[in-house]
Amino acid sequence: MNNETTIKRIALFGSTGSIGTQALEVIEANPDRFSAEILTAQNNDELLIQQSLKFNPNIVVIGDEKKYLKVKEALASTGVKVFAGEKSLEEVAGMDCYDLMLAAIVGFAGLKPTIKAIRSKKTIALANKETLVVAGDIVMQLAVENRAPIIPVDSEHSAIFQCLVGETRNRVEKVILTASGGPFLGRKPNYLVNVKREHALQHPNWSMGAKISIDSATLMNKGLEMIEAKYLFNLKPEQIQVVVHPQSIIHSMVQFEDGSIKAQMGLPDMKLPIQYALAFPQRIPNKFPRYDFKKVNMLNFEEPDTKTFRNLVLATDALHKGGNLPCVLNAVNEIAVYAFLKNRIGFLDMTELIEKTMQHVPFIQKPTLEEYFESDGEARTFAADIIKL
Ligand code: NAD
Ligand code: MG
């Protein structure tokens, strides 16, 4: 690992996404601290090429093998090495040429490269929450064994992580995850039954990739984040509470044994947790807009409406039962969101599909990594069959 005076070499897995592009902005603003060493994308060859010409990485990977030649040719005059395909993602994650992986691929696809990076003793800035939802126990155990630090990028977990700095000896009573409530806060099922993808993609406070935007609209995102928090911070399910806070100024809180509560606050801007994770343990200056207490400000808090947003109930069930259930929940949720985005199923059908699939796939209390992969596959096949994908 490099020390503070040398440049941290970053591997951006998912460089063309919402997190990936914002991370490149952070890197661009701090050329004396960070370099973009590896860039990867699934489909967006145009943007990957553009990013490569600008940041001159050592290696790029394009997931879609059909696009390999196009990327290769576009970068022929540069020294950039080009790879393609799923296997290459994993191989590149194991290479020596970088220090920190920004895990910003969306969904289950992020798991294998992240595990490879952990096994290669890299520092992980983790945006891909699905990695911990699918196999959190194994991933965290591997991180301990390999002394690979995992620094959360998800804003709630970054907030908790920041609240815990300097508190290693102090017991946490509970963590309080804040939720914006998404675009349909206050709505009831008779409204939700008719909402379409364009509406669900409009988040009030954050601009994010399609999958997490739908997860925010259904509150599944908060469910996934409860499970993410359990593994990241080694908490019992009872220690994790969700509160709706529509302004997204408090990014989450930690309550200690003495009843004292620490909160981390700021304007909703993912560049802040991204920068914090890349620069950790340092804080570095930036020009991001600041929160202003002198303006008329209201901070509100309310209970989540779990009668309407039942995904949160299903995720809480998975959080408590553990085993392969969070993995199954994640797999069927990916299918459900995909089908909703393709206008194949309605908004409320997503919850029904998730519930059915969770009941169908046999429960395993302590799965191996292989069994997690199998549960993922089983859940996807069952769900895709029901909705005839
Ligand atoms: P996105 O859809 O904008 O970008 C996803 C990236 O992953 C792209 O670069 C894409 O090329 C790549 N990718 C997609 N499918 C892939 C596959 N099968 N194999 C390899 N690469 C693939 O997503 P995002 O919003 O940037 O989110 C990325 C991750 O970060 C998600 O896990 C999300 O939950 C998490 N996250 C995002 C935000 C946010 O503000 N966007 C906030 C917190 C956490
Ligand atoms: Mg979040």
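Model, not experiment: these values are computed from the prediction. (Residues numbered from 1 in each chain as written. Chains lettered and ligands numbered in written order. Predicted model: local features only at pLDDT ≥ 70, side-chain atom pairs only at ≥ 80, totals over all residues. Heavy atoms only, no water.)

J.: Could you clarify how one ought to interpret the site of ligand 1 in this entry?
T.: The environment of ligand 1 is formed by 22 residues, the closest being Thr16, Ser18, Gln42, Glu130 and Gly209. Here an oxygen atom of ligand 1 sits 2.8 Å away from a polar atom, N or O, in the side chain of Thr16. Here Ile19 contributes a backbone N or O atom positioned 2.9 Å from an oxygen atom of ligand 1. (Near = heavy atom within 4 Å. Polar contact = N/O pair within 3.5 Å; in protein donor to acceptor, adjacent residues only side chain to side chain.)

J.: Looking at this structure, how should I read the packing of helix H14 (residues 325-341) against helix H16 (residues 369-386)?
T.: To describe two helices that pack against each other, one gives the angle between their axes and the distance between the axes. At their nearest, the axes of H14 and H16 sit 8 Å apart, and the two run at 40° to each other. In terms of axis orientation, H14 runs oblique to H16. Here the hand of the crossing between H14 and H16 comes out right-handed. Of the residues in H16, those in contact with Cys327, Val328, Ala331, Val332, Glu334 and Ile335 of H14 are Tyr372, Ser375, Asp376, Ala379, Arg380, Ala383 and Ala384. (Axes fitted to C-alpha atoms, helices over the stretch in contact; angles between N-to-C directions. Helix = DSSP H or I, 4+ residues; strand = E, 2+ residues; numbered from the N terminus. Parallel < 35°, antiparallel > 145°, perpendicular 65-115°, else oblique. Left-handed = near helix turned anticlockwise from the far one by under 90°. Contact = heavy atoms within 4.5 Å.)

J.: Would you mind showing me how to read the packing of aromatic side chains here?
T.: In this description, an aromatic ring pair is defined by two values, namely the gap between the centres and the angle between the planes. For the coordinates displayed, the defined rule picks out 8 aromatic pairs. Considering the side-chain rings of Tyr276 and Phe280, the 5.8 Å spacing of their centres and the 55° angle between planes classify their relative orientation as tilted. Its relative accessible area of 8% is what places Tyr276 among the buried residues. Seen from their ring centres, Phe340 and Phe347 are 5.7 Å apart, and the 75° between their planes marks the pair as edge-to-face. Take Phe340: its relative accessible area is 2%, and that puts it in the buried class. (Phe/Tyr/Trp six-rings, centres within 6.5 Å; stacked < 30°, edge-to-face > 60°. Buried < 20%, exposed > 50% of the residue type's maximum accessible area, 1.4 Å probe, protein only.)

J.: How do you make sense of the coordination of the magnesium ion (ligand 2) when you look at a structure like this?
T.: In a perfect tetrahedron of four donors around a metal, the angles come out at 109.5 degrees. In a perfect octahedron of six, they are 90 or 180 degrees. At 2.1 to 2.2 Å from the magnesium ion (ligand 2) lie its protein donor atoms, namely Asp154 (OD), Glu156 (OE) and Glu225 (OE). Between consecutive donor residues of the magnesium ion (ligand 2), the sequence gaps follow D-x1-E-x68-E. Accessibility expressed as a relative area gives 8% for Asp154, which makes it buried. Given the relative accessible area of 8%, Glu156 is considered buried. (Donors = N, O, S within 2.8 Å, 3.2 Å for Na, K, Ca; no water.)

J.: Hey, could you run me through the sheet that holds strand S4 (residues 81-84) in this one?
T.: The strands that make up a sheet are held in pairs by hydrogen bonds between backbone atoms, and each pair lies either parallel or antiparallel. Here we have 7 strands laid out as an open sheet, ordered S4-S3-S2-S1-S5-S6-S7, and parallel in their pairing. Of all strands in the sheet, those with a lone pairing partner are S4 and strand S7 (150-152), marking the two edges. Geometrically, the sheet is characterised by an average inter-axis angle of 20° between neighbouring strands, direction not taken into account. Docked against the sheet, helix H4 (residues 86-93) engages strand S1 (8-13), strand S2 (34-41), strand S3 (59-62), S4 and strand S5 (100-103), running at close to 155° with respect to S3. (Pairing = 2+ DSSP bridges.)

J.: Please clarify how H4 should be interpreted in this entry.
T.: Residues spaced three or four apart along an α-helix face the same direction, because each turn holds 3.6 residues. Listed as buried for H4 are Ser88, Leu89, Val92 and Ala93. Projected down its long axis, H4 shows its buried positions confined to an angular sector of 135°, all on one face. Along H4, exposed side chains directed more than 90 degrees from the buried face belong to Glu86, Lys87 and Glu91. (Arc of directions from axis to C-beta.)

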